[in-house]
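# Residue-level structural notes
Single-letter residue listing:
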Amino acid sequence: MLHAASLRRTAFAVTFAAAGLIGACTMASRPDLSGMSFTSEPLIGKVIWCDLITEDIDTARRFYGGLFGWTFEESSTRGNDYLLARDGNVYVAGLVAIERPGDGTHLSRWLPYVSVADVDDAVEKSLAAGARLAAPARDVGLGRVAAIVDPQGAVIGLVRSAVGDPDDRTTAAAPGRVVWSELLADDPAAAAGFYRTVVGYTPRTVERRRGAYTFLAGAGGDRAGILANPSKEWEPLWLTYFGVDDPRAAAATAAELGGHIVLEPSPGIREGSMAVVTDPSGAVLVLQRWSVQQEAAQ
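Residues numbered from 1 in each chain as written. Predicted model: local features only at pLDDT ≥ 70, side-chain atom pairs only at ≥ 80, totals over all residues. Heavy atoms only, no water.

Right, let's get into helix α4 (residues 247-256). Regarding α4, the residues found buried are Pro247, Ala250, Ala251 and Ala254. Summarising the axial view, the buried residues of α4 lie within an arc of 100 degrees, below the 170-degree limit, and thus occupy one face. Buried positions along α4 lie against α1 (57-68), β13 (237-244), β14 (260-263), β15 (274-278) and β16 (284-289). Its side-chain oxygen placed 3.0 Å from the backbone nitrogen of arginine 248, aspartate 246 serves as the N-cap of α4. Once α4 finishes, glycine 258 follows within two positions and takes phi at roughly 105 degrees, a positive value. (Buried < 20%, exposed > 50% of the residue type's maximum accessible area, 1.4 Å probe, protein only. Helix = DSSP H or I, 4+ residues; strand = E, 2+ residues; numbered from the N terminus. Arc of directions from axis to C-beta. Contact = heavy atoms within 4.5 Å. Polar contact = N/O pair within 3.5 Å; in protein donor to acceptor, adjacent residues only side chain to side chain.)

The next point concerns the sheet that holds strand β9 (residues 178-185). Two orientations exist for strands paired in a sheet by backbone hydrogen bonds: parallel and antiparallel. As summarised here, the arrangement of the 8 strands in space is β10-β11-β12-β9-β13-β16-β15-β14, forming an open sheet in which the pairing is mixed. Pairing within the sheet leaves two strands with one partner each, and these edge strands are β10 (202-208) and β14. Between one strand axis and the next, the sheet turns by 35 degrees as a mean value, whatever way the strands run. In terms of strand pairing, β9 meets strand β12 (residues 221-228) through 4 bridges, oriented parallel. The residue bridging leucine 183 from the neighbouring strand is isoleucine 226, located in β12. Strands in contact with α1 are β13, β15 and β16; relative to β16, the strand with the most contacts, it is inclined by about 5 degrees. Sitting on the sheet, helix α3 (residues 188-198) touches β9, β10, β11 (211-218), β12 and β13, and the angle it makes with β12 is about 145 degrees. (Pairing = 2+ DSSP bridges. Axes fitted to C-alpha atoms, helices over the stretch in contact; angles between N-to-C directions.)

What follows is about the environment of proline 267. Its location among the elements puts proline 267 in the loop between β14 and β15. For proline 267, a relative accessible area of 68% puts it in the exposed group. Once residues lying within four places of it in the same chain are set aside, the contact partners of proline 267 are Arg209 and Gly272.

Scanning the model with the defined rule gives 13 aromatic pairs in all. In this structure an aromatic cluster arises from ring pairing among Phe63, Tyr64, Phe68, Trp70, Trp110 and Phe242. It is arginine 86 that lies over the ring of tyrosine 91; its NZ or CZ is 4.7 Å from the centre. Lying over the aromatic face of tyrosine 213, arginine 208 brings its terminal NZ or CZ to 4.5 Å of the ring centre. (Phe/Tyr/Trp six-rings, centres within 6.5 Å; stacked < 30°, edge-to-face > 60°. Lys NZ or Arg CZ within 6 Å of the ring centre and 35° of its normal.)

In this section: the nonpolar core. Among the nonpolar cores identified, the biggest contains 46 residues, and Tyr64, Phe68, Trp70, Trp110, Leu285 and Leu287 are the most heavily contacted of them. In terms of residues, this core owes the most to one element, strand β4 (residues 90-97), which gives 7 residues. Ignoring anything within four residues of it in the chain, the contact list for leucine 285 reads Tyr64, Leu67, Phe68, Trp110, Thr240, Phe242, Ala275, Val276, Val277, Thr278 and Asp279. Core analysis: the second largest hydrophobic core is formed by 24 residues, Val123, Ala131, Leu183 and Ala185 among them. (Core = buried A, V, L, I, M, F, W, Y, C linked by side-chain atoms within 4.5 Å.)

This brings us to the pairing of strand β7 (residues 143-149). β7 sits mainly inside the fold: 6 of its 7 residues count as buried. Bridging between strand β6 (residues 132-140) and β7 involves 6 bridges; their strand directions are antiparallel. Paired with valine 140 across the bridge in β7 is glycine 143. Remark: 2 residues form the turn of the hairpin made by β6 and β7, two consecutive strands paired antiparallel. Taken together, the 7 bridges between β7 and strand β8 (residues 155-161) define a ladder with antiparallel strand orientation. By the bridge assignment for β8, alanine 147 is matched with glycine 157. Connecting β7 to the next strand, β8, in antiparallel fashion are 5 residues, including glycine 153 with a positive phi near 105 degrees.

Spelled out as structure tokens, the structure:
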């Protein structure tokens, strides 16, 4: 089971460093995007980027490099150390360095950025619906970004790219890539209504063996999901799923690299296809089995 300490309720005190692919103008030279392709129209509702906010960027670099085989390019974002992570010729994530709090809490987490039609409008709608502002809207190198804390306490970034969103071919699910984004919500129905208003999702709830699951459909199909929070001790949060060939082996590798196994693969939970781990700084991530055969079957 998840450790409550890993998901304790804490105020969102992370200094927002909206960077990554969207803020690439902070680099001495622009990143090489030749291995990627972008849409002419935004893919509303698609998570187009993820940042790891971490208290130990050097350890995170070793951990994710060892776990996924990522390579890294150094950058900076308004005084914060920043790394762009690559899987082959595709940029997959960013690593943002923050200072470790003096009160013993851990702020490391994965932060997804969802594509919206208008960042300022989405922020306005979110505040009217009970959200809090984590970071105000601002222009960065290749677009406009903001971050909010939704009414249940989960943090998410909002982005409108000025160069188009990475298309589904560029971001096709594969080992070492982000393959899904999922909200753990105390009230899934309320969360679905909130994100329908703010992002423009079309929610669709289905019954599964272990309970209801809500898909959030955006441009191009289902883009994210909502799952009922399994414990009142855990804070609502957005989980980032990464593709792996073998979740049990990947979880063991994560532990060897200094992470912690929170949930081992189990036949009773999604047919043993996933594991939940934390990295050495406590950021939660899901390791999801994904193979070429599975991709072809979708």
